[in-house]
Amino acid sequence: MSALLFPRGGLLLAALLAAQAQAANLVVCSEASPEGFDIVQYTAATTADATAETLFERLVAFAPGSTDIVPALAQSWEISNDGLSYTFTLRQGVKFHANQDFTPSRAFNADDVLWSFQRQLDPAHPWHKLSLRGFPYAEAMGLAQLIERIEKLDEHRVRFVLKHPEAPFLANLAMGFASIYSAEYAEHLLASGKPERLNNAPIGTGPFVFERYAKDAQVRFRGNPDYWDGAPAIERLVLAITPEPNVRQQRLKAGDCQIALYPRPVDIPALKADPQLKVLELDSLLTAYIGINTRHRPLDDVRVRQAINLAFDKAAYIRAQFGEGNATPAVAPYPATLWGHDETLQDWPHDRERARQLLAEAGHADGFSLSIWTRPGGGPTNPNPGIGAQMLQADLAAIGIRSDIRVFEWGELIKRAKNGEHDLVFMGWAGDNGDPDNFLTPNLSCAAAESGENQAGWCDKAFDRLIAQARREPEQEKRAALYRQALAIFHEQAPWVALAHPKQFAALRKGVEGFVLSPMGSNNFARVKVP
């Protein structure tokens, strides 16, 4: 148990966390380690929490607890009538962070905006090839094919000119991949031969300043006293990396942390009954799914994928993982609460006989073998990975499919799944911007299959044309009709086992104020106050 409680440093770490919790600081028990700190390279929510919600900012932002767009590093913007031009007026006097190797000589300006985007879009940019993981969002969303040019009008105005209208473009600019970096810091790192420090010694304009990261143990930040929107109320923020939900709960009750993210739904009643705690919950834009790697035979056969969907007892899985009323069954990639959902889609029934028939038709009456990939610990879309994988394994065995379960640490799981090494992989997605496109293009488009972010490796040309057409359509009603057509293709082709749309939970010590759950599943602590 001590190895689970104290991943590094044993009792010393526990004492440190307790001391920090007693000071005017905030300790958050989080679910997993960040993949890195150069957010444009990554897609995991834990990475975004440690970067986009702390260190970096974007031109626009989402209002706390909503999908409404509000000003951030841009204080205002104008959109042309044809939807092809977005002109941003930048906030003046915004300071970048400093560290022991670098002190900025100027405030944020248009050069930083241009650097942050051109690095991702221009293959000739000196930093483009230095991203070891590429630029998954920019690549999956086809931004290089969308943006005609980015113009610096003056020091405090920039204009994005698009090749065609893109309905979710403004909301996309509030996503983590659109974070603004210091061009001056990047130039300094390149000149000094230390480009890797962009990923391990990050500098942004956000409410917190990076201090250090102890791998798989904790990330430490200090409040930014020069933050343009007012210094945070807390002096220090510590993300205490605690993969096991039970251990997060124990640390919270002991006062070692004041916020425990993603408690298991089955533990919510006991947490609510504790007079020292309070529980937040929200119907979030979350989807749990199993990606079926269509690049591997026989999973490239739609009949086999449909058989897997028919074999899995989804109702039993949801009861075991989420308990009563804490999740709804998933039929499509995004929840029914999001516009564009098709209410007429019928979920796959639990029908082993039909599953066996489909396998026989596909030439696999004697079954075959595959691997099931999952993670340790647990998070909002997969509270108990071990049980879920075992339930899937048993249901597949009932129709003759033999499987072995492989458990990988979260960062390793994501990296290897991007390489397409898996057969079946338990994954989850939190909507980034409140638009249906954010569930479809980054996860299921042909561009995402090419980049590896589409864990199914599925590329359906008809589906791709429909979602591309929907992005260009300005009228929401017409976009919704296109998405309903795309969802019908997704359902019939079955590149996923769509599992559930869970509620989001967080447990807090009494007295902690200002923390708001986001429907996108992100966690921002800039306005948190502790007693």
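Please refer to the structure placed before this passage.
Residues numbered from 1 in each chain as written. Predicted model: local features only at pLDDT ≥ 70, side-chain atom pairs only at ≥ 80, totals over all residues. Heavy atoms only, no water.

Caption draft 1: Inspection of the overall build of the protein at higher detail. In terms of regular secondary structure, the protein is built from 20 helices and 19 strands. In terms of overall size, the protein behaves like a compact globule, its C-alpha atoms giving a radius of gyration of 23 Å where 531 residues would be expected to give roughly 24 Å. Its C-alpha atoms give the protein principal-axis dimensions of roughly 70 × 55 × 40 Å. The contacts in the protein between residues at least 6 apart in sequence include a share of 71% that link residues at least 24 apart. A total of about 20300 Å² of accessible surface is found on the protein, and carbon and sulfur atoms cover 49% of it. Between the centroid of the 53 positive side chains of the protein and the centroid of its 62 negative side chains there is a distance of 4 Å. (Helix = DSSP H or I, 4+ residues; strand = E, 2+ residues; numbered from the N terminus. Rg over C-alpha atoms; globule rule 2.2 N^0.38 Å. Contact = heavy atoms within 4.5 Å. Areas by Shrake-Rupley, 256 points an atom, 1.4 Å probe, with all protein chains shown as cover. Lys, Arg positive; Asp, Glu negative; His and termini not counted. Charge placed at Lys NZ, Arg CZ, Asp CG, Glu CD.)

Caption draft 2: Broad picture of the sheet that holds strand β17 (residues 424–430). On the basis of which strands lie adjacent, the open sheet formed by six strands has the order β14-β18-β13-β17-β15-β16 and mixed pairing. A strand with exactly one partner marks an edge of an open sheet, and here the two such strands are β14 (327–329) and β16 (402–407). In this sheet, neighbouring strand axes are inclined to one another by 25° on average, regardless of whether the strands run parallel or antiparallel. Where β14 meets strand β18 (residues 496–502), three bridges bridge the pair, whose relative direction is antiparallel. Bridge pairing links T328 to H501 in β18. Packing against the sheet, helix α12 (residues 302–311) makes contact with β13 (286–292), β17 and β18, and its axis sits at approximately 40° to β18. Helix-sheet contacts for helix α15 (residues 385–397) involve β13, β15 (369–374), β16 and β17, and the interaxial angle to β15 is about 165°. (Pairing = 2+ DSSP bridges. Axes fitted to C-alpha atoms, helices over the stretch in contact; angles between N-to-C directions.)

Caption draft 3: Structural view of the pattern of salt bridges. This structure, assessed with the given rule, holds 29 salt bridges. Between K278 and E513 there is a salt bridge; the shortest N-O distance is 3.5 Å. On the criterion of sequence distance, the pair formed by K278 in strand β12 (residues 277–282) and E513 in the segment after β19 (504–509) is long-range, its members being 235 residues apart. Bridged by salt links that share partners, the residues D111, K152 and E155 form one connected network. (Salt bridge = Lys/Arg side-chain N within 4 Å of Asp/Glu carboxyl O.)

Caption draft 4: Local environment of helix α4 (residues 110–121). With 12 residues, α4 should reach 16 Å at 1.5 Å per residue; the first-to-last C-alpha distance of 17 Å fits that figure. All of the buried residues in α4 are A110, D112, V113, L114, W115, S116, F117, R119, Q120 and L121. Structurally, the start of α4 carries an N-cap: the backbone nitrogen of D111 is 2.9 Å from a side-chain oxygen of N109. (Expected span 1.5 Å × (residues − 1). Buried < 20%, exposed > 50% of the residue type's maximum accessible area, 1.4 Å probe, protein only. Polar contact = N/O pair within 3.5 Å; in protein donor to acceptor, adjacent residues only side chain to side chain.)

Caption draft 5: Seen up close, the nonpolar core. Core analysis: the biggest nonpolar cluster contains 108 residues, and F88, F160 and F525 have the highest contact counts within it. Examining the composition of this core, we find that six residues originate from one element, α4, more than from any other. Residue contacts for F525: discarding those within four places in its chain leaves L26, V28, F208, I234, L237, L239, I259 and F515. (Core = buried A, V, L, I, M, F, W, Y, C linked by side-chain atoms within 4.5 Å.)

Caption draft 6: Structural view of the state of the cysteines. Across all of its chains, the model carries two disulfides by this definition. C29 shares a disulfide with C257; S-S distance 2.5 Å. With the S-S dihedral at roughly -105°, the linkage between C29 and C257 falls on the left-handed side. Taken together, the residues C29 in strand β1 (residues 26–30) and C257 in the loop between α10 (245–254) and β11 (259–261) connect sequence positions 228 residues apart. An identical accessibility class is assigned to C29 and C257; each is buried. (Disulfide = S-S within 2.5 Å.)

Caption draft 7: The environment of D82, seen in detail. With respect to the element layout, D82 can be found in the loop between β4 (74–79) and β5 (85–90). Distance in space between the C-alpha atoms of D82 and A72 is 24 Å, their sequence separation being 10 residues. A polar atom in the side chain of D82 sits 2.5 Å from the side chain of S80. A distance of 3.0 Å separates a polar side-chain atom of D82 from the backbone nitrogen of L84.

Caption draft 8: Seen up close, the sheet that holds strand β7 (residues 157–162). Pairing within the open sheet is antiparallel, and its four strands lie in the order β4-β5-β7-β6. The open sheet terminates on both sides in strands that have one partner only, identified here as β4 and β6 (147–154). On average, each strand axis in the sheet is tilted by 20° relative to the strand beside it, whichever way the strands run. Pairing analysis gives five bridges linking β5 to β7, with the strands arranged antiparallel. When the bridges of β7 are listed, Y86 appears paired with F160.

Caption draft 9: View of the environment of P34. Here P34 lies in the loop between β1 and α3 (45–50). Assessed through its relative accessible area of 9%, P34 is described here as buried.

Caption draft 10: A look at the packing of α4 against helix α8 (residues 183–191). Where α4 contacts α8, the two axes come as close as 8 Å, and the packing angle between them is 60°. The orientation of α4 relative to α8 falls into the category oblique. Contact residues: D111, D112 and W115 in α4; A183, E184 and A186 in α8. Its residues assigned to classes, the contact of α4 with α8 comprises three nonpolar, no polar and three charged. (Parallel < 35°, antiparallel > 145°, perpendicular 65-115°, else oblique. Nonpolar A, V, L, I, M, F, W, Y, C, P; charged D, E, K, R; others polar.)

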